[in-house]
Amino acid sequence: MAELPQPTIRTRFLVISDTHSRDSIPSSNEPADVAIHCGDLTMGSKLDEFKAAINLLKQINAPLKLVIAGNHDFTLDPPAFQNKIHEAQRLQDIDPLLIEKEYGYCGQVRELFDHVDVKEKSGIRLLDEGTHYLTLNNGASLTVYASPYTPSFGEWGFQYSPDEGHEFAIGSVDLVMTHGPPRGVLDQSMSSRRAGCEYLFDKVARSRPRMHCFGHIHGSWGAKLITWRKTISEKPSHLTDIDNGQSTVVKKLCNIKASGPRPFYLTSHCADDANSLQHGRHTLFVNAAIEGSDDFPTHPAWLVDLDLQRAL
């Protein structure tokens, strides 16, 4: 006897990234089941900037807000923070008390996020790297892989050598949230260089989650529904493992510049939608960087509707 398909629950995500010290965004009142922030909460990792970011997250109309750090949030990366303190004292002889006043002591920002008013009352969860299993208020089950790590450039937090790579231990998950993009998908810098990570693409291609959201590369804001080829390459690449003829660009930055600013864009890929997402065949990639440029200072947030399995 054939197994009956498991019931699914339509779930709405509000997806943002790279808010860089903003204490509000225009779309914060839009209701969602889950809010996702893919890092760079701050510009300079100062205590006041984290407090502004927490204020922004508190305003979002969702019972659960999942957050990771980005490279600008280096005080959440103790080794990087300690290195910066040592360099500041060695080169500039800065009083440690002045550093602590601006940036806090090691672990203080984590304490801000662990405060009962933030974590329990406001539903804000700062995720460490790894896989997280969640049951949502709407009854859906959500499995998330989170990672703040990006290829290194300059002295920032959560970085690794592009030559050595990073072990993104992505298994069977619904959602991947990273700070940076995978190689070849919504990852072109202002100089048109591919800035995404090949190691990340490899693991996402093998996992094929429902959605992979990120930021970091501001100028590649947008969304694309990827169709995977039937068989995976020995070394997965965007050049060999994506069926571009069957994939759909949902929206990209040049489109919204022409149509004018909006507080958010809604895209839905549930079973009854025109571009429905089949888990294992498709992945929705979303670059949700809010930080813009001089001519377009604030990019819209994303509202994304997806089907999730009902929790047991």
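Computed from a predicted model, the values in this text were never measured in an experiment.

Here we come to helix α2 (residues 78-92). Between its first and last C-alpha atoms α2 spans 21 Å; for 15 residues at 1.5 Å apiece the expected length is 21 Å, and the two agree. For α2, the set of buried residues is Ala 80, Phe 81, Ile 85 and Ala 88. Buried residues in α2, looked at end-on, bunch into an arc of 140 degrees, giving them a common side. Among the exposed residues of α2, those pointing more than 90 degrees away from its buried face are Pro 79, Arg 90 and Leu 91. Positive phi appears at Asp 93, one or two residues downstream of α2, with a value of about 55 degrees.

Attention now moves to the environment of Tyr 103. With respect to the element layout, Tyr 103 can be found in helix α3 (residues 96-103). Residue classification places Tyr 103 among the partly exposed positions, given a relative accessible area of 24%. When the C-alpha atoms of Tyr 103 and Thr 75 are compared, they prove to be 7.2 Å apart, with 28 residues separating the residues in sequence.

Turning to the sheet that holds strand β3 (residues 64-67), a few remarks are in order. With mixed pairing, the six strands of this open sheet are ordered in space as β4-β3-β2-β1-β17-β13. Unpaired on one side and paired on the other, β4 (124-126) and β13 (264-268) mark the two borders of the sheet. For this sheet, the mean angle separating the axes of adjacent strands, direction not counted, is 25 degrees. When strand β1 (residues 8-16) meets strand β2 (residues 34-37), the two strands line up parallel, connected through four bridges. Bridge pairing links Phe 13 to Val 34 in β2.

On to the nonpolar core. Across soluble globular proteins, nonpolar side chains have a tendency to be buried as a group. Core analysis: the biggest nonpolar cluster contains 35 residues, and Phe 13, Val 15, Ile 36, Leu 66, Leu 142 and Met 177 have the highest contact counts within it. With near-sequence residues (within four places) excluded, Ile 36 lies in contact with Phe 13, Leu 14, Val 15, Ile 16, Leu 66, Leu 175, Met 177 and Cys 213. Counting 26 residues, the second largest nonpolar core, distinct from the first, contains Phe 113, Leu 126, Phe 158 and Ile 290.

Let's shift gears to the sheet that holds strand β10 (residues 211-214). Strand order across the open sheet formed by seven strands is β5-β6-β9-β10-β14-β11-β12, with mixed pairing between neighbours. The sheet terminates laterally at β5 (130-135) and β12 (248-252), the two strands that pair on one side only. Sheet twist, expressed as the average angle between the axes of neighbouring strands with direction ignored, equals 15 degrees.

Right, let's get into the UniProt feature "domain: Calcineurin-like phosphoesterase" (unreviewed entry) in the protein chain. As annotated in UniProt, the feature "domain: Calcineurin-like phosphoesterase" (unreviewed entry) corresponds to residues 12-219 in the numbering used here. Taken end to end, residues 12-219 is 27% helix and 20% strand, and its first and last C-alpha atoms sit 25 Å apart.

On to the pattern of salt bridges, then. Enumeration over the complete set of coordinates arrives at 13 salt bridges. The partner of Arg 10 in a salt bridge is Asp 305, with the nearest N and O atoms 3.7 Å apart. Of this pair, Arg 10 sits in strand β1 while Asp 305 sits in strand β17 (residues 301-309); the two residues are 295 residues apart in sequence, bridging distant segments of the chain. The exposure class of Arg 10 is partly exposed, given its relative accessible area of 42%. We note a salt bridge from Asp 187 to Arg 194, for which the minimum N-O separation is 2.6 Å. On the basis of relative accessibility, which here comes to 0%, the residue Asp 187 falls in the buried class. Classification of Arg 194 as partly exposed rests on a relative accessible area of 28%. Residues joined by salt bridges that share partners form a network here, namely Arg 10, Arg 12, Asp 272, Asp 273 and Asp 305.

Looking at the secondary structure, you find Thr 227 in strand β11 (residues 222-227). Under the relative-accessibility criterion, Thr 227 is labelled buried at 2%. There is a polar contact of 2.8 Å between the side chain of Thr 227 and the backbone oxygen of Gln 246. Excluding its chain neighbours within four sequence positions, the residues that come into contact with Thr 227 are Asp 241, Ile 242, Asp 243, Gln 246, Ser 247, Arg 281 and His 282.

Turning our eyes to something else, we now look at the packing of aromatic side chains. Given two aromatic rings, their pairing is described by the distance between the two centres and the angle made by the two planes. Taken as a whole, this structure holds ten aromatic pairs when the rule is applied. Counting every residue linked through ring pairs, the aromatic cluster contains Phe 74, Phe 81 and Tyr 103. Here the guanidinium or amino end of Lys 84 rests over the ring plane of Phe 74, the centre of that ring lying 4.8 Å away. In this structure, Lys 84 packs its charged tip against the face of Trp 156, placed 5.8 Å from the ring centre.

Moving on: the side chain of Ser 247. Its location among the elements puts Ser 247 in the loop between β11 and β12. A relative accessible area of 14% places Ser 247 in the buried class. Within the structure, the side chain of Ser 247 is placed 2.8 Å from the backbone oxygen of Asp 243, a separation counted as a polar contact.

As a further point, take the state of the cysteines. Under the definition given, this model contains zero disulfides. Considering cysteine sulfurs only, Cys 213 is the nearest to Cys 270, which forms no disulfide, with 16 Å between them.

Basis of the calculations
- Residues numbered from 1 in each chain as written.
- Predicted model: local features only at pLDDT ≥ 70, side-chain atom pairs only at ≥ 80, totals over all residues.
- Heavy atoms only, no water.
- Helix = DSSP H or I, 4+ residues; strand = E, 2+ residues; numbered from the N terminus.
- Expected span 1.5 Å × (residues − 1).
- Buried < 20%, exposed > 50% of the residue type's maximum accessible area, 1.4 Å probe, protein only.
- Arc of directions from axis to C-beta.
- Pairing = 2+ DSSP bridges.
- Axes fitted to C-alpha atoms, helices over the stretch in contact; angles between N-to-C directions.
- Core = buried A, V, L, I, M, F, W, Y, C linked by side-chain atoms within 4.5 Å.
- Contact = heavy atoms within 4.5 Å.
- UniProt positions renumbered as here; feature names shortened; annotations may be inferred.
- Salt bridge = Lys/Arg side-chain N within 4 Å of Asp/Glu carboxyl O.
- Polar contact = N/O pair within 3.5 Å; in protein donor to acceptor, adjacent residues only side chain to side chain.
- Phe/Tyr/Trp six-rings, centres within 6.5 Å; stacked < 30°, edge-to-face > 60°.
- Lys NZ or Arg CZ within 6 Å of the ring centre and 35° of its normal.
- Disulfide = S-S within 2.5 Å.

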